[in-house]
Amino acid sequence: RDSLDIEIRVMPYSDDQFLLVARDVTQLKQLENLRRDFVANVSHELKTPLTVLQGYLEMLDEPQHTPPAMTAKAVEQMQLQSERMKNLVDQLLQLSRMETPSHDVFDQVVEMPALIGELRAEAEKLATDKALQLTFDIEPINVYGKRDLLRSAMQNLITNAIRYIQDEGHVRVTWRRVRDEVEFSVEDNGPGIDGEHLPRLTERFYRVDADRNSENGGTGLGLSIVKQALEHHNSHLEVNSKPGAGSRFWFRLSAGLIQNRK
Ligand code: ADP
């Protein structure tokens, strides 16, 4: 290992002898650090919109000094910031619900073409402000799994593809058989991601460019939700990306989860 955290205790053994007990606490320390970072991140993410809200509230508290145009802007900003806090809390709750490892027996059939159809309608709404070409190629394949978790995984991938494209571009979503598995994929020709970031993308609160993305309303939790949702289906997220060329995010579900597999 690169480093080791050792806890040493000195205990009396006899009148003139001591016992040194050394315990490897590396893993405990790492967990503790993760927990501390997590709390610090949550606090920071909540504090920013709260500070903005507070500022506008103070301004509205003095209506005689606030021109009507400013009042409208303040209300709009307050709605935006409240929305942002609500998203963050929703995502945190989702993560905490998924945290308990489960030995899932899937008896629920998820009708994927219908589910992806719902996501398509949402995506079209989200994309209205941009000159985006959205393509969906969906094969009629259902799977056994958890609908909510699969929905959330696919929704996050589609939303990211749309959000990170600046003004125009295309996003292609596919759901298809690949040999004996089934694959969900989202491909975009957006900004792409530098290779050094790829291994860390699914870490909680990890953002490639914190400034740019906080403007985008991102929390840095989306891909960690995807990761956890996929773990419940014994699957994992894969990504291929090149700065300037775009990204492809995909996951596969094993043959055992496919309904009516021939
Ligand atoms: P966020 O809420 O910030 O989008 P995510 O966990 O969903 O957080 O994504 C982590 C980071 O990965 C994002 O901040 C963004 O920098 C990068 N990213 C994710 N998807 C894409 C994409 N399709 N194109 C470019 N960058 C992306």
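The shown structure was predicted, so the numbers you read here are calculated from the model rather than taken from an experiment.

Conventions we followed
Numbering of residues starts from 1 in each chain and follows the order in which that chain's sequence is written. The predicted origin of the model limits local features to residues at a pLDDT of at least 70 and limits the giving and counting of side-chain atom pairs to 80 or more, whereas totals for whole chains, interfaces and linings rest on all residues. No hydrogens and no water enter the side-chain calculation; it runs on all heavy atoms of the structure. The term salt bridge refers to a pairing of a side-chain nitrogen on Lys or Arg with a carboxyl oxygen on Asp or Glu at a separation within 4 Å. With a 1.4 Å probe rolled over the protein chains alone, any residue whose accessible area is under 20% of its type maximum counts as buried; one over 50% counts as exposed, and the rest are partly exposed. Runs of H or I in DSSP of at least four residues are treated as helices and runs of E of at least two as strands, each being numbered from the N terminus. We treat two strands as partners when DSSP finds at least two bridges between them. Axis geometry follows a simple rule: fit a line to the C-alpha atoms, using only the stretch in contact for helices, then measure angles between N-to-C directions, giving values from 0 to 180 degrees.

**Focus: the pattern of salt bridges**
Within the structure shown, the criterion is met by 16 salt bridges. Salt-bridge contacts for E7 lead to R9; the nearest nitrogen and oxygen are separated by 3.7 Å. Taking the relative accessible area as the measure of exposure, R9 reaches 49% and is therefore partly exposed. Of the charged contacts, one joins R204 and E99 as a salt bridge, the two residues approaching to 2.8 Å between their closest N and O atoms. Separated by 105 residues along the polypeptide, R204 in the loop between β7 (181–188) and α5 (210–216) and E99 in helix α2 (residues 68–99) bring together distant segments of the chain. Exposure remark for R204: the relative accessible area of 28% places this residue in the partly exposed category. Residue E99 is classed as partly exposed on the basis of its relative accessible area, which comes to 44%. The structure contains a network of salt bridges with shared partners spanning E118, E122, R147 and R151.

**Focus: the sheet that holds strand β9 (residues 246–253)**
Taken together, the five strands give an open sheet; going across it, the order is β4-β6-β7-β9-β8, and neighbouring strands pair in mixed fashion. One side of each edge strand has no neighbouring strand; the edge strands of this open sheet are β4 (131–138) and β8 (238–242). Taking the axes of each pair of neighbouring strands and ignoring which way they run, one obtains an average angle of 10° across the sheet. Pairing between β4 and strand β6 (residues 168–178): eight bridges, direction parallel. The residue bridging I138 from the neighbouring strand is W175, located in β6.

In short, shape yes, function no, at least from these values alone.
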